[in-house]
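# Chain and residue survey
Listed below, chain by chain, are the residues.
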Amino acid sequence: MNRVGALLYDRFLMGASQQAGLADKRREALAAASGEVLEIGAGTGLNLAAYPREGITRLVCTEPNAAMSRQLEARGAEAPVAVEVVAASAEQLPFEDSSFDFVTGTLVLCEADSPPAALAEIARVLRPGGHYLFLEHVRSADHDHARMQDRWAPIWRRVSGGCNCNRDTLATIKASPLTVEEAQVGRFPKAPKIVKPLLIGSAVLVAS
């Protein structure tokens with residue numbers, strides 16, 4: 001994605017959804033974040049204003065796309081603490097084991113090349129007892145809706161730049177080294193039907 005594409009992402013792809021309630025859902029998803037926090041796939045920084053104003057001592061954001069990273073850096077003042085921006089994919093996080101208290105991710109695993117690999121990395125960099133906070137559009141639990149998602153998935157992937165509309169992300173998280181603590185499915189505001197189901201929740205790295 002180039003600079004123009006990154007600008008269009010905020011204003012046209014996310015703008016109506018943000019105003020219709022997605023910004024509130026981001027705040028809900030990130031409300032528990034504290035201590036040293038890593039956000040994966042931070043994009044243009046739409047989450048920065050959604051973090052709690054107190055309790056976060058360090059905030060690191062990874063984003064592999066250079067154009068999005070520039071907007072992310074420009075939004076740094078919206079964050080509760082100084083933001084460290086790192087060019088990295090979710091599947092290859094350049095951090096030591098047990099580095100963070102929280103890892104966060106919103107609308108990321110739909111585009112990840114390998115969600116299981118990304119979740120393994122999240123678990124690796126979390127401290128024992130650390131939490132993963134997530135907000136993802138997912139495969140519908142309704143059979144007919146899910147079939148429609150499957151039918152349109154190849155086209156949606158092309159027009160959206162790699163987004164997969166039919167991933168059963170909750171099942172993938174449950175199969176990872178993390179233990180799901182809470183998970184609720186609501187609706188993605190002002191979004192096409194194929195990406196309407198919206199999962200919000202948290203998982204923990206249980207201390208061995």
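Computed from a prediction, not measured in an experiment: that's the story for all the values here. (Residues numbered from 1 in each chain as written. Predicted model: local features only at pLDDT ≥ 70, side-chain atom pairs only at ≥ 80, totals over all residues. Heavy atoms only, no water.)

### Quick word on the pairing of strand E3 (residues 83-86)
- As paired strands, strand E2 (residues 56-62) and E3 are joined by 4 bridges and run parallel to one another. Note on E3: the bridge partner recorded for cysteine 61 is valine 85.
- Handedness of the crossover joining E2 and E3 through helix H3 (residues 66-74): right-handed. (Pairing = 2+ DSSP bridges. Helix = DSSP H or I, 4+ residues; strand = E, 2+ residues; numbered from the N terminus. Right-handed = clockwise from strand over helix to strand, strands pointing away.)

### Some points on H3
- Taken as a whole, H3 has its buried residues at Ala67, Met68, Ser69, Gln71 and Leu72.
- Where H3 starts, the residue carrying a side-chain oxygen 3.1 Å from the main-chain nitrogen of alanine 67 turns out to be asparagine 65. (Buried < 20%, exposed > 50% of the residue type's maximum accessible area, 1.4 Å probe, protein only. Polar contact = N/O pair within 3.5 Å; in protein donor to acceptor, adjacent residues only side chain to side chain.)

### Focus on the environment of alanine 20
- Counting through the fold element by element, alanine 20 comes out in helix H2 (residues 15-30).
- Using a relative accessible area of 40% as the deciding quantity, one classes alanine 20 as partly exposed.
- Setting aside its immediate chain neighbours within four residues, alanine 20 contacts Pro189 and Lys190. (Contact = heavy atoms within 4.5 Å.)

### Comments concerning a nonpolar patch on the surface
- There is a patch of nonpolar side chains on the surface, built from Trp152, Ile155 and Val159 and spanning about 300 Å² of accessible area.
- Counting through the fold element by element, tryptophan 152 comes out in helix H5 (residues 143-159).
- Owing to a relative accessible area of 43%, tryptophan 152 belongs among the partly exposed residues under this scheme. (Patch = residues over 30% accessible without salt bridge, like charges linked within 9 Å, V, L, I, M, F, W, Y side chains within 5 Å. Areas by Shrake-Rupley, 256 points an atom, 1.4 Å probe, with all protein chains shown as cover. Salt bridge = Lys/Arg side-chain N within 4 Å of Asp/Glu carboxyl O.)

### Describing H2
- Taking 1.5 Å per residue as the helical rise, H2 with its 16 residues ought to reach 22 Å, whereas the 19 Å between its terminal C-alpha atoms falls clearly short.
- When the local axis directions of H2 are compared, the greatest deviation, roughly 70°, occurs at glycine 21.
- Every buried residue of H2 is listed here: Gly15, Ser17, Gln18, Gly21, Leu22, Ala23, Arg26, Ala29 and Leu30. (Expected span 1.5 Å × (residues − 1). Bend = angle between axes of the 7 residues up to and from the residue.)

### Considerations on the nonpolar core
- Counting 25 residues, the largest nonpolar core has Leu38, Ile40, Val103, Ile122, Tyr132 and Leu178 as the members making the most contacts within it.
- Going through the elements one at a time, strand E4 (100-106), helix H4 (115-125), strand E5 (126-137) and strand E7 (197-204) are the ones with two or more residues in this core.
- Considering every element that reaches this core, the biggest residue donor is H4, with 5 residues.
- Setting aside anything within four residues of it in sequence, one finds leucine 38 in contact with Val60, Thr62, Leu93, Phe95, Phe100, Phe102, Val103, Thr104 and Val125. (Core = buried A, V, L, I, M, F, W, Y, C linked by side-chain atoms within 4.5 Å.)

### Comments concerning the packing of aromatic side chains
- By the definition in use, this model includes 2 aromatic pairs.
- Ring geometry for phenylalanine 95 and phenylalanine 100: centres 5.3 Å apart, planes at 90°, overall edge-to-face. There is no split in this pair, since phenylalanine 95 and phenylalanine 100 are both buried. (Phe/Tyr/Trp six-rings, centres within 6.5 Å; stacked < 30°, edge-to-face > 60°.)

Just geometry here; none of it tells us what the structure is for.
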